[in-house]
Amino acid sequence: MSVAEEKPAVDAILLKVLEAVPFQLTTDGGVEASRQRFRDLPRRQVHPEVRTENRTVDGPAGPIPIRVYWPPRDTGDNGATPPIVLFIHGGGWSIGDLDTYDGDARNHAVGAGAVVVSVDYRLAPEHPYPAAVEDAWAATQWVAAHAGELGADPERLAVAGDSAGGNLVAVVAQLARDAGGPAIRFQLLWYPATTWDTSLPSFTENANAPLMGGSAAKGFSRWYVGNLDLSDMPATLAPARAKNLAGLPPAYIAVAGHDPLRDDGARYAELLAAAGVPAELHNAKTLIHGYLGYAGVVPAATEATERGMKALRTALHAT
């Protein structure tokens, strides 16, 4: 399942947007500078009709902030109880929060016709691995247990996340399988990091890609692993290295042609399929890492985003 064949150039409209609003993920200046650069990005208002509420849930190191999103009534199953999605944001396990990913969470609520719970897990390097895993897993269990109180159907639970969030989605899907629950119906992984294998061709091919190049991917990863000995890499860090991938929820894995992580996501889709897990891979050949942030502005990003949302909606609303 190689996606390294000749590919078209970066989408022309996306390039114009990047020229108008330049942004490059980098660890330069340290983590606070990285976080501030990400917060300073202009963000348009998305689906203001979505009702939200901030809460906290119990976590292993104290309260975990979450934000709950309720979809408009006309996006569900003709008034039926909506499904529920745990959304885990990206940002290299080091940047991003409920506010910077508010638009993405709103898009998932409307796109999937689902209640969405976005989780503000602890960030590296102050809280290296496995802090993010612990918080994401605690949030998954809370969402499953409290879906009814949120007006959602606990039998229709999905997990979704982008980049580092995609990594955590894959991890919690494995943890849920191994723990015998909660039952997860679907996993949506947007350009995830799953293998920790920088020898894959896309890491070299897209080393200097727009928005995120290879050095940024490696820098954020270093912050996340901290002092961990990587000679025996656990599946809760690199889910593609799990000894057994059978019995996991069906997956939609979105990758981008101009992304160092392209072949990483493709490899995970390949491994899932080999283990008998339904796994749909979509390669947006003209797009870059982080293209969810350009949905509604760049037509190619909108189309790729809507494709993944449709897969999520279909899985959650199937009878």
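Residues numbered from 1 in each chain as written. Predicted model: local features only at pLDDT ≥ 70, side-chain atom pairs only at ≥ 80, totals over all residues. Heavy atoms only, no water.

Note the threshold: UniProt positions are given in the numbering used here, feature names are shortened, and annotations may be inferred rather than shown by experiment.
The protein chain has the name Acetyl esterase/lipase in an unreviewed UniProt entry, where Mycolicibacterium moriokaense is given as its organism. Heading Sequence similarities (unreviewed entry) of the UniProt record for the protein chain holds this comment: "Belongs to the 'GDXG' lipolytic enzyme family."

**Description of the overall build of the protein chain**
This is how the line gets drawn: Per the convention used, a helix needs a DSSP run of H or I reaching at least four residues, while a strand needs a run of E reaching at least two, with both numbered from the N terminus. Burial status follows relative accessibility: with a 1.4 Å probe on protein chains alone, a residue under 20% of its type maximum counts as buried, one over 50% as exposed, and anything between as partly exposed. Contact criterion: two residues are considered in contact whenever any of their non-hydrogen atoms come within 4.5 Å of each other. Each accessible area is a Shrake-Rupley estimate made with a 1.4 Å probe; only the visible protein chains count as cover when residues are assessed. Charge counting follows a simple rule: Lys and Arg are positive, Asp and Glu are negative, and His as well as the terminal groups are ignored. Think of each charge as sitting on NZ of Lys, CZ of Arg, CG of Asp or CD of Glu.
Each helix and strand in the protein chain was counted, giving nine helices and eight strands. Counting only residues that meet the buried cut, the protein chain has 58% of its 319 residues in that class. Sequence separation of at least 24 residues holds for 79% of the intrachain contacts in the protein chain that already meet a minimum separation of 6. Carbon and sulfur atoms form 51% of the exposed surface of the protein chain, whose accessible area is close to 12900 Å². For the protein chain, the distance from the average position of its 26 positive side-chain charges to the average position of its 36 negative side-chain charges is 2 Å.

**Regarding the UniProt feature "active site" (unreviewed entry) in the protein chain**
Residues annotated by UniProt as "active site" (unreviewed entry) correspond here to S163. Non-local contacts of S163, meaning those with residues more than four positions away in its chain, are made with G90, W190, Y191, P192, A193, L261 and H289.

**Thoughts on the nonpolar core**
Defined as follows: Only buried Ala, Val, Leu, Ile, Met, Phe, Trp, Tyr and Cys residues count toward a nonpolar core, and they belong to the same one when joined by side-chain atoms within 4.5 Å.
Core analysis: the largest hydrophobic core is formed by 111 residues, its most contacted members being I84, I88, L168, Y224, Y268, L287 and Y291. Non-local contacts of I84, meaning those with residues more than four positions away in its chain, are made with A114, V115, V117, V143, A147, L150, A152, D153, R156, L157 and A158.

**Quick notes on the sheet that holds strand β2 (residues 62-70)**
The condition that has to hold: The rule for pairing is simple: two strands pair if DSSP sees at least two bridges between them. A fitted line through C-alpha atoms serves as each axis, taken over the contacting stretch for helices, and the angle formed by two N-to-C directions is quoted from 0 to 180°.
Sheet architecture is open: eight strands sit in the order β1-β2-β4-β3-β5-β6-β7-β8, paired in mixed fashion. In this open sheet, the two edge strands, each paired with only one partner strand, are β1 (51-59) and β8 (279-288). The mean angle between the axes of side-by-side strands here comes to 20°, regardless of whether they run parallel or antiparallel. Of the pairings in the sheet, the one linking strand β6 (residues 186-190) to strand β7 (residues 251-258) comprises four bridges and is parallel in character. Bridge assignment links L189 to a residue of β7, and that residue is I253. Here helix α4 (residues 131-146) sits on the sheet in contact with β1, β2, β3 (84-88), β4 (115-119) and β5 (157-162), set at roughly 165° to β3.

**Topic: the packing of α4 against helix α5 (residues 164-179)**
Put simply, the rule is: What sets the label is the angle itself: under 35 degrees gives roughly parallel, over 145 gives roughly antiparallel, 65 to 115 gives roughly perpendicular, and the rest give oblique. For a crossing to be left-handed, the near helix must be turned anticlockwise from the far one by less than a right angle; the clockwise case is right-handed. All amino acids are sorted into three groups, where Ala, Val, Leu, Ile, Met, Phe, Trp, Tyr, Cys and Pro are nonpolar, Asp, Glu, Lys and Arg are charged, and the leftover types, Gly among them, are polar.
Where α4 contacts α5, the axes come no closer than 10 Å and their chain directions differ by 60°. On the basis of the axis angle, α4 is oblique to α5. Crossing angle aside, the handedness with which α4 passes α5 is right-handed. Of α5, the residues touching α4 (which contributes A132, V133, A136, W137 and T140) are L168, V171, V172, L175, A176 and A179. A per-class count over the contact of α4 with α5 returns 10 nonpolar, one polar and no charged.

**Details of the layout of surface pockets**
Put simply, the rule is: Using only the protein atoms, space was sampled on a 1 Å grid; points where a 1.4 Å probe fits but cannot get out form cavities, open sets with protein on both sides within 12 Å along at least five of seven lines form pockets, and lining residues are those with an atom within 4 Å of a point. Grid points are joined across faces, edges and corners, and a volume is the space filled by probe spheres set on the points.
When its volume is computed, the largest pocket comes out at roughly 720 Å³. Lining the largest pocket are 35 residues, and of these L41, P42, R43, G293 and Y294 sit closest to its centre. For the lining of the largest pocket, the element with the most residues is helix α3 (residues 102-112), which contributes four residues. Each residue belonging to the lining of the largest pocket can be placed in one class, and the counts come to 18 nonpolar, 11 polar and six charged.

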